[in-house]
Amino acid sequence: MLAYRKSDFDSLGARAALREWAEDGVIDAPTAAALLEKIPPPFHTPNLFIRIGLFIFGSICAAAAFGLFFVMGVGMRSHQAFGVMLLVFAAVLTVAVEMLIRKEKPFFRAGLEEAFLYGALLCLIAGLIVLLEMNSRLRFPIVLFAGCILAAAALRYADSFLAALAWASAFYALFDLCSGLGDRAGYILPLLVISLSACAAYACGGGLAKAALRHWEHVWQVLRFLALLTCYAGGNYFVIRELGHMLFHQSVTVDRDIPFAPAFYAFTFGLPLAYTAAGLVKKDRLFLHAGLVTAAFAVFTYKYYHHVLSVEAGLALAGIFLIATAWIGLRLFRTRRFGLTAAASEKGAKGILDAESLAMLQGFASKDISAQSSPEGLKGGGGGFGGGGADGTF
Amino acid sequence: MKAAFPPGILPEGQQERIDHHYRSRPFSLFWEMRAILYLGVLFLCSGLGILIYKNIDTIGHQTILGAIVAATAACFWYCARHAKPFTYAQAAADSSWAEYMLLLGVLLFGVFTGYLQVKYSVFGDDHALALGLPATLYLFLAYRFDHRGVLQLAISGFCAAIGIVTTPLAAIQENVFDHHAPVWTGLAMGAALAVAGALSELRDFKRHFSFSYINFAMHLSMIAGITGLVIGKGWEKWFFFLLVGALGAGLWKYARWKRSHYFLLFAVLYVYVAFSYGFLRLLFLADASAGVSFAFFYFILSCAGTIYFFLNMKTFLKAESEDAGLPEK
């Protein structure tokens, strides 16, 4: 299933772990260096900026090749010819990706193979749509089918961006299916979304815990985060009300609320709290971030339907509340408490980007975070997961 | 992260230490707290801003100005109290509060001067002075309190001030884009910033600031050069074409010296844009009908060449490198 050698992924994980341990002082530097010597870097993974450059030029190159064939008349003859050309191109690009991966030192998160892979999937799905002449509106079968292709590619190439796309297309297919089923679907859809997302989140947790599935660690993380968010969206009052209005034309007026409104309100405000609490208790950053994001959305939901404060007063008060929260948090966790600390976690930052990229992104912080060490001299940090799965930068 | 180590590789007793470490290490809330703090500052500033704006009739200008001055002074006083003694090198990090207070103070000072200028036209029609004066203060503060974010604000302020001075009014009012004044201004600004960066590097005066200078210099001069290439006529096109090439070569050297992939990427990107523009223009001048196919050929070949360059860069750069990338200097 996986296009890469599993042992290579293990070497990558071992190298990352060694570096982390050396940083945390669990293992002394010479030992770590000696061990790193024994495990050579398994993949061709360039620096982030080179990756960006390779992605840009790889994309232009593939697009220009496609354009050349099109201009030379292959694609212009008929509808079918264009579709076939797209499929052939998808095959060619897939072969290119496989060749880049079957090397002695496979390309992994190197930009080039990603550009070709995304191009191949685009051509494949577009070609199928053209050949099946489904150009009126994206109906759920083709979206579902595209989602399956994306999911298969995500598993084969351990690509979390594709996994996120597959997740999104599955939900689009679900909405599309339900919007055609009439009024009753409006009552089933939230339950369906919540239960599906909960199952997915649970399954991804299992995937993270299972040693045999460790090679897709980042895929499970991204999917789990998305599943937590969609689970919340499935029961959020704002989403239910507006979507019900949009998809099922439920007439909701000021004095006529949506059915089961109190339950949805409880869900809207209860789940962020539950996520945050779970994140803090289980020391799970995924849950913590999902809790913070959904809490912001819960505030927005309340504000949207209830006029208690003017926007500016609300903003100012929220600002004061946030600053106070940060102040209390920084004070409270200055020394370690309940296994929590406010001291810098190096891994949380460095796991995602290397030092130069980080310096580029921290527009506001003028000093390097690494210079701020915690009072105990212990640098903590769980699995660093920052971006909501933008492009598998990990 | 559970790494699968083959048995026997880890030294004796190491596994226990690692297990203990995972069990006992604290869970860091550093980034979350910082994000909450930043959002709080942002919300508070915008909320207060709108409040002031809406109630300006009842509060009165003097009161508002007084409040802003008081808040600015409080921020700067906090910074001054917590400031480390000045050093030519990078100052050691202190609490993140002082950093945020400096940023807040600087932003409030910007609001203050803006307010003065808009309401009372203190600087008259001289908008450049209204921009340049705070920028000068920012520059001083950036060096005194060792803050790169404030330095970037200062540089942007200077660029805006000089841009206003040198750009003819016609270019702004009539949206005339074939004016050359902004191009030359951009190039001059880029050169000045590059000199500042070089000086801070060579004289060892806040050496870590040189990145901000060179970064601004690169983007300014390259964008100005490419603009000049596009809007120029006759010999000017050749001049700007060669200029972008020369700048690219300079950046390439700089990137090699600093071992910076960031500058390398942008050097390649800018030079590629300029070269492609020149090549395609000549191509379409020569033969417009066959030009499209040749253009596709050009893109395929040139991109393949660039990819080859990126992939074999290590041999070009002659740098020992890890899989994670080159070490930062």
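What you see is a predicted model, and the numbers here were worked out from it, not measured in a lab. All residue numbers refer to position in the chain's written sequence, counted from 1. The lettering of chains begins at A and the numbering of ligands begins at 1, in the order of writing. The predicted origin of the model limits local features to residues at a pLDDT of at least 70 and limits the giving and counting of side-chain atom pairs to 80 or more, whereas totals for whole chains, interfaces and linings rest on all residues. Side-chain figures throughout are based on the complete set of non-hydrogen atoms in the structure, without hydrogens or water.

### Section: the overall build of chain B
Now for step 1: Every helix listed is a DSSP run of H or I at least four residues long, and every strand listed is a run of E at least two residues long, numbered separately from the N terminus. In terms of regular secondary structure, chain B is built from 14 helices and one strand.
Now for step 2: For the exposure calls, accessible area comes from a 1.4 Å probe over protein chains only, and a residue counts as buried if that area is under 20% of its type's maximum, exposed if over 50%, partly exposed in between. Each of the 329 residues in chain B was classed as buried or not, and the buried ones make up 42%.
Now for step 3: Considering only intrachain contacts with a sequence separation of at least 6, the fraction spanning at least 24 residues in chain B is 66%.
Now for step 4: Every accessible area reported is derived by Shrake-Rupley at a probe size of 1.4 Å, with residue values counting cover from the shown protein chains alone. Surface summary for chain B: the accessible area is close to 17,400 Å², and the carbon and sulfur share equals 70%. Note on contacts: a residue pair is in contact if any heavy atoms of the two residues lie within 4.5 Å.

### Some remarks on the overall build of chain A
Now for step 1: From N to C terminus, chain A includes 15 helices and one strand.
Now for step 2: Out of the 394 residues belonging to chain A, those deemed buried represent 50%.
Now for step 3: For chain A, the share of sequence-separated contacts (at least 6 apart) that also reach a separation of at least 24 residues comes to 72%.
Now for step 4: Carbon and sulfur atoms provide 71% of the accessible area of chain A, an area that totals close to 18,500 Å².

### What to know about unusual backbone geometry
Outside of glycine, negative phi angles account for most residues, and trans bonds account for most peptide bonds.
Now for step 1: With a phi angle near 55°, Lys283 of chain A is a residue other than glycine that sits in the positive phi range.
Now for step 2: Among the structural elements, Lys283 of chain A can be located in the loop between α11 (261–282) and α12 (285–305).
Now for step 3: Using a relative accessible area of 33% as the deciding quantity, one classes Lys283 of chain A as partly exposed.
Now for step 4: Of note, the phi angle at Arg259 of chain B is positive, near 55°, even though the residue is not glycine.
Now for step 5: Residue Arg259 of chain B is classed as partly exposed on the basis of its relative accessible area of 34%.

### Things to note about the pattern of salt bridges
Residues and elements named next belong to chain A.
Now for step 1: Any Lys or Arg side-chain nitrogen located within 4 Å of an Asp or Glu carboxyl oxygen qualifies as a salt bridge. Scanning the model with the defined rule gives 10 salt bridges over all chains in all.
Now for step 2: Across the salt bridge formed by Asp10 and Arg214, the nearest N and O atoms sit 2.7 Å from each other. Of the two residues, Asp10 sits in helix α1 (residues 6–24) while Arg214 sits in the loop between α8 (185–209) and α9 (217–235), which places them 204 residues apart along the sequence.
Now for step 3: Overlapping salt bridges bring together Glu98, Arg102 and Arg156 as one network.

### A closer look at the environment of Val281 of chain A
Now for step 1: Positionally, Val281 of chain A belongs in helix α11.
Now for step 2: When the C-alpha positions of Val281 of chain A and Phe338 of chain A are compared, they lie 8.8 Å apart, and in sequence the two are 57 residues distant.

### Notes on helix α1 (residues 14–24) of chain B
Residues and elements named next belong to chain B.
Now for step 1: Those residues of α1 that sit buried are Gln14, Ile18 and His21. Down the axis, α1 shows its buried residues gathered within 60° of arc, on one side only. Residues of α1 that are exposed and point more than 90 degrees away from the buried face comprise Glu16 and Arg23. As used here, the arc is the angular range of directions from the helix axis to the C-beta atoms.

### Quick notes on the confidence of the model for chain B
Now for step 1: Averaged over chain B, the pLDDT score is 81; the fraction of residues at 70 or greater is 86%.
Now for step 2: Scored from 0 to 100, pLDDT records how confident the predictor is in each individual residue. Ignoring residues within four places in sequence, the model shows residues 319–329 of chain B, a span with pLDDT below 50, making 25 contacts including any to other chains.

### Some points on the packing of aromatic side chains
Now for step 1: Each aromatic pair joins two rings of Phe, Tyr and Trp (for Trp, the six-membered one) with centres within 6.5 Å, and gets the label stacked for planes under 30 degrees apart, edge-to-face for over 60, and tilted for any other angle. One pass over the structure, following the stated rule, counts 52 aromatic pairs over all chains.
Now for step 2: Between Trp216 of chain A and Trp220 of chain A, the aromatic rings sit 6.4 Å apart at their centres with planes inclined by 55°, giving tilted as the arrangement. By the burial criterion, Trp216 of chain A is buried, and Trp220 of chain A matches it.
Now for step 3: When the centroid spacing of 5.7 Å and the interplanar angle of 45° are considered together, the rings of Phe309 of chain B and Phe310 of chain B count as tilted. Each of the two residues, Phe309 of chain B as well as Phe310 of chain B, counts as buried.
Now for step 4: Counting every residue linked through ring pairs, the aromatic cluster contains Tyr232, Tyr237, Phe238, Tyr265, Phe269, Phe297, Phe300, Tyr302, Tyr304 and Tyr305 of chain A.
Now for step 5: Consider the ring centre and the ring normal. A charge sits over the ring if Lys NZ or Arg CZ is within 6 Å of that centre and within 35 degrees of that normal. Here Lys258 of chain B stacks its cationic end above the ring of Trp257 of chain B, 5.6 Å away from the centre of that ring.

### Examining the packing of helix α7 (residues 160–179) of chain A against α9 of chain A
Residues and elements named next belong to chain A.
Now for step 1: Fitted lines through C-alpha atoms serve as axes, helices being fitted only where they are in contact, and the angles separating the N-to-C directions of these axes extend from 0 to 180 degrees. Packing of α7 against α9 brings their axes to within 8 Å, and their N-to-C directions diverge by 30°. If you check the angle between α7 and α9, you find them roughly parallel. Relative to α9, α7 is oriented so that their crossing is right-handed. Where α7 approaches α9, its residues Ser160, Ala163, Ala164, Trp167 and Phe171 are matched on the opposing element by His218, Val219, Val222, Leu223, Leu226, Ala227 and Thr230.
Now for step 2: Here the term charged refers only to Asp, Glu, Lys and Arg, the term nonpolar to Ala, Val, Leu, Ile, Met, Phe, Trp, Tyr, Cys and Pro, and the term polar to all other amino acids, Gly among them. Taken together, the residues that form the contact of α7 with α9 break down as nine nonpolar, three polar and no charged. Put simply, angles under 35 degrees are roughly parallel, angles over 145 are roughly antiparallel, angles from 65 to 115 are roughly perpendicular, and the rest are oblique. Crossings are sorted by hand: turned counterclockwise from the far helix by less than a right angle, the near helix makes the crossing left-handed, and turned clockwise it makes it right-handed.

### A look at the nonpolar core
Now for step 1: Grouped together as the largest cluster of nonpolar side chains are 114 residues, with contacts concentrated most on Phe57, Leu162 and Tyr275 of chain A together with Phe263 and Phe310 of chain B.
Now for step 2: Tallying contributions element by element places helix α12 (residues 261–286) of chain B first for this core, with 12 residues.
Now for step 3: The residues touching Tyr275 of chain A, leaving out its near neighbours within four places in the chain, are Leu228, Cys231, Tyr232, Phe287, Leu288, Ala290, Gly291 and Thr294 of chain A. As used here, the term nonpolar core means buried Ala, Val, Leu, Ile, Met, Phe, Trp, Tyr and Cys residues forming a set that is joined through side-chain atoms within 4.5 Å.

### Some points on helix α3 (residues 48–71) of chain A
Residue and element names in this part refer to chain A.
Now for step 1: An ideal rise of 1.5 Å per residue puts 34 Å on 24 residues; α3 measures up with 34 Å between its terminal C-alpha atoms.
Now for step 2: Any pair of nitrogen or oxygen atoms within 3.5 Å is treated as a polar contact; in protein, a donor-acceptor pairing is required on top of that, and neighbouring residues in sequence qualify only through side-chain atoms on both sides. With a side-chain oxygen lying 2.7 Å from the backbone nitrogen of Phe49, the N-terminal cap of α3 falls on Asn47.
Now for step 3: A positive backbone phi angle near 105° is found at Gly73, which sits one or two residues after α3. Expected span, for any helix, means 1.5 Å times one less than how many residues it has.

### Focus: a nonpolar patch on the surface
Residue and element names in this part refer to chain A.
Now for step 1: Surface patches are defined over residues having more than 30% relative accessible area and no salt bridge, joining like charges when they lie within 9 Å and nonpolar side chains (Val, Leu, Ile, Met, Phe, Trp, Tyr) when within 5 Å. Taken together, Phe269, Tyr302, Val308, Leu309, Leu317 and Ile320 make up a surface patch of nonpolar side chains, about 530 Å² in accessible area.
Now for step 2: Mapped onto the elements, Val308 comes out in the loop between α12 and α13 (311–332).
Now for step 3: Taking relative accessible area as the criterion, Val308 reaches 58% and is therefore assigned exposed.

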